[in-house]
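Notes for the structure review
If you want the building blocks of each chain, they are given just below.
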Amino acid sequence: MLDFSRTWLPYLYLYGVGGGIFLIGMFIILRSRSLKLERIRHREWYHILIFGLVYYMGIHGLFTFAALGKSLFAGVIGLVIVALSVHLIFTLIKKPKGSV
Amino acid sequence: MDAAIQTSSSFWVIIFGYFALVLGFGSFFARYNKTTQDFFFSGRRFSWWLITMSIVATGVGSHSFLKYSSKAYEHGFSSTMTYMNDWFFMPMFLFGWLPIVYYTKIRSIPDYFQRRFNSGVRVLATIAILGYMIGYIAIGFLTMGKTLEPLLGLDLYTIIFIVAVISGIYITFGGQTA
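Keep in mind it's a predicted model, so treat the numbers as computed, not measured.

Considering helix 2 (residues 40-67) of chain A
Count 3.6 residues to each turn of an α-helix, and residues three or four apart come out pointing the same way. When the terminal C-alpha atoms of helix 2 of chain A are compared, their 40 Å separation across 28 residues agrees well with the 40 Å that a helix rising 1.5 Å per residue should span. Of the residues trailing helix 2 of chain A, Gly69 of chain A is marked for its positive phi of about 85 degrees.

Put into structure tokens, the structure is as follows:
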């Protein structure tokens, strides 16, 4: 039986608590200037890190919707993930000149 | 103990062929291990993608296939959070821990603790890691034994002993290069 406690509750817990840890990590590396957004390579990694979180949340949500039989929602999330992946790949390929 | 599962001869050819290939590979590259630098880091001569594959292969073991399959059967889709949570520590890993490892060229985590604090902290860190590794390796051997038990029809502890001996020889002579 795919009830709330087996589907969306773990999802909320995972990305609620884990997302908080992720945000704290991002805050620390930005505040400590370990991640310098004025550097192009660092900005790329900044986008990759955020994309990664969105990707995991998306793929987890996609399969949960699919398991619940809500194919439309799953399909929309799948398309968004594909679009974001393509966007990220093209952004990383098109490096500006003099990138550091 | 249950009776051994009936298997075809091609199954055993694949299994023994795989182990022969892996052990042969390790034995071949063992000749390049001259110093501790070679043993632990393969002389720092490998490409990033090869090191990445090695890290993934280190993290995935017999326990991965047994434990996570079991958890998925028991708890359904929520069991995926075991691996889905890896991304949360990525910011701190990429821009916190990794630059320290890379630029200071530390050889191990206890080495880091010695440089950062003192040799006493290094000993404590080593004990903590060893405690963790005993459990980690033990669960690896147990799950490997559980996997092979119905296939070989041997006693669990006999299988664990054989696997431990083979793994020990492979690691001791092959090092990180293997």
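Comments concerning the packing of aromatic side chains
Under the counting rule described, the total for this entry stands at 16 aromatic pairs over all chains. Every member of this aromatic cluster is reached through a ring pair, and the members are Trp8, Tyr11, Tyr15, Phe65 and Phe73 of chain A together with Phe88 of chain B. Stacked on the ring of Tyr102 of chain B, the Lys or Arg Lys105 of chain B has its end atom at 5.9 Å from the ring centre.

Description of the pattern of salt bridges
What the rule picks out here adds up to 6 salt bridges over all chains. Of the charged contacts in the structure, one is a salt bridge between Glu38 of chain A and Arg33 of chain A, with a shortest N-O distance of 2.6 Å. When its relative accessible area of 41% is taken as the criterion, Arg33 of chain A is described as partly exposed. In this structure, Asp111 of chain B engages Arg122 of chain B in a salt bridge whose closest nitrogen and oxygen atoms are separated by 3.6 Å. Note that Asp111 of chain B is positioned in helix 7 (residues 109-116) and Arg122 of chain B in helix 8 (residues 119-152), a separation of 11 residues in sequence. For Arg122 of chain B, a relative accessible area of 27% puts it in the partly exposed group. Salt bridges sharing common partners tie together Arg107, Asp111, Arg115 and Arg122 of chain B.

A closer look at unusual backbone geometry
Within the chain, Arg33 of chain A stands out as a residue other than glycine whose phi angle is a positive 65 degrees. Relative to the elements of secondary structure, Arg33 of chain A occurs in the loop between helix 1 (8-31) and helix 2. The phi dihedral of Lys105 of chain B is positive, around 55 degrees, even though this residue is not glycine. Turning to its location among the elements, Lys105 of chain B is positioned in the loop between helix 6 (90-104) and helix 7. Overall, the relative accessible area of 49% leaves Lys105 of chain B in the partly exposed class.

Digging into helix 8 of chain B
Residues and elements named next belong to chain B. End to end, helix 8 covers 47 Å across 34 residues, agreeing with the expected 50 Å (1.5 Å per residue, within 8%). Among the residues of helix 8, Ala125, Gly140, Thr143, Gly145, Leu148, Glu149 and Leu151 are the ones counted as buried. The inward-facing, buried residues of helix 8 abut helix 1 (9-30), helix 4 (62-75), helix 7 and helix 9 (156-174). Sitting at the amino-terminal end of helix 8 is Asn118, which places a side-chain oxygen 3.0 Å from the backbone nitrogen of Gly120. One or two residues past the end of helix 8 sits Gly153, with phi positive at roughly 75 degrees.

Thoughts on the confidence of the model for chain B
Chain-level statistics for chain B give a pLDDT mean of 84 and a share of 94% at 70 or above. Scored as a whole, the predicted complex attains pTM 0.74, and scored at its interfaces, ipTM 0.83.

Topic: the interface of chain B and chain A
In this complex, chain B contributes 17 residues to the contact, which on the side of chain A involves 26 residues. Across the chain B to chain A interface the summed buried area is about 1,900 Å²; carbon plus sulfur atoms make up 82%. Counting the contacts that link chain B with chain A gives 0 salt bridges. On inspection of chain B and its partner chain A, the count reaches 3 residue pairs in polar contact (both at pLDDT 80 or more). Elements that contribute at least two residues to the side of chain B that touches chain A include exactly helix 4, helix 5 (81-84) and helix 6 of chain B. Sort the elements by how many residues they give to the side of chain B that touches chain A and helix 6 of chain B lands first, with 6 residues.

A word on the packing of helix 2 of chain A against helix 6 of chain B
The description of two helices packed together rests on the angle between their axes and the distance between the axes. The geometry of helix 2 of chain A relative to helix 6 of chain B is characterised by a closest axis approach of 10 Å and an angle of 160 degrees between their N-to-C directions. Judged on the interaxial angle alone, helix 6 of chain B and helix 2 of chain A are roughly antiparallel. Crossing geometry of helix 2 of chain A relative to helix 6 of chain B is assigned as right-handed. Contact with helix 2 of chain A, carried on its side by His42, Trp45 and Leu49 of chain A, involves Met90, Pro91, Leu94 and Phe95 of chain B of helix 6 of chain B and no other residues of that element. For the contact of helix 2 of chain A with helix 6 of chain B, a count of residues per class yields 6 nonpolar, 1 polar and no charged.

Calculation notes
- Residues numbered from 1 in each chain as written.
- Chains lettered and ligands numbered in written order.
- Predicted model: local features only at pLDDT ≥ 70, side-chain atom pairs only at ≥ 80, totals over all residues.
- Heavy atoms only, no water.
- Helix = DSSP H or I, 4+ residues; strand = E, 2+ residues; numbered from the N terminus.
- Expected span 1.5 Å × (residues − 1).
- Phe/Tyr/Trp six-rings, centres within 6.5 Å; stacked < 30°, edge-to-face > 60°.
- Lys NZ or Arg CZ within 6 Å of the ring centre and 35° of its normal.
- Salt bridge = Lys/Arg side-chain N within 4 Å of Asp/Glu carboxyl O.
- Buried < 20%, exposed > 50% of the residue type's maximum accessible area, 1.4 Å probe, protein only.
- Contact = heavy atoms within 4.5 Å.
- Polar contact = N/O pair within 3.5 Å; in protein donor to acceptor, adjacent residues only side chain to side chain.
- pLDDT = per-residue confidence, 0-100.
- Buried area = accessible area lost by both parts, 1.4 Å probe.
- Axes fitted to C-alpha atoms, helices over the stretch in contact; angles between N-to-C directions.
- Parallel < 35°, antiparallel > 145°, perpendicular 65-115°, else oblique.
- Left-handed = near helix turned anticlockwise from the far one by under 90°.
- Nonpolar A, V, L, I, M, F, W, Y, C, P; charged D, E, K, R; others polar.

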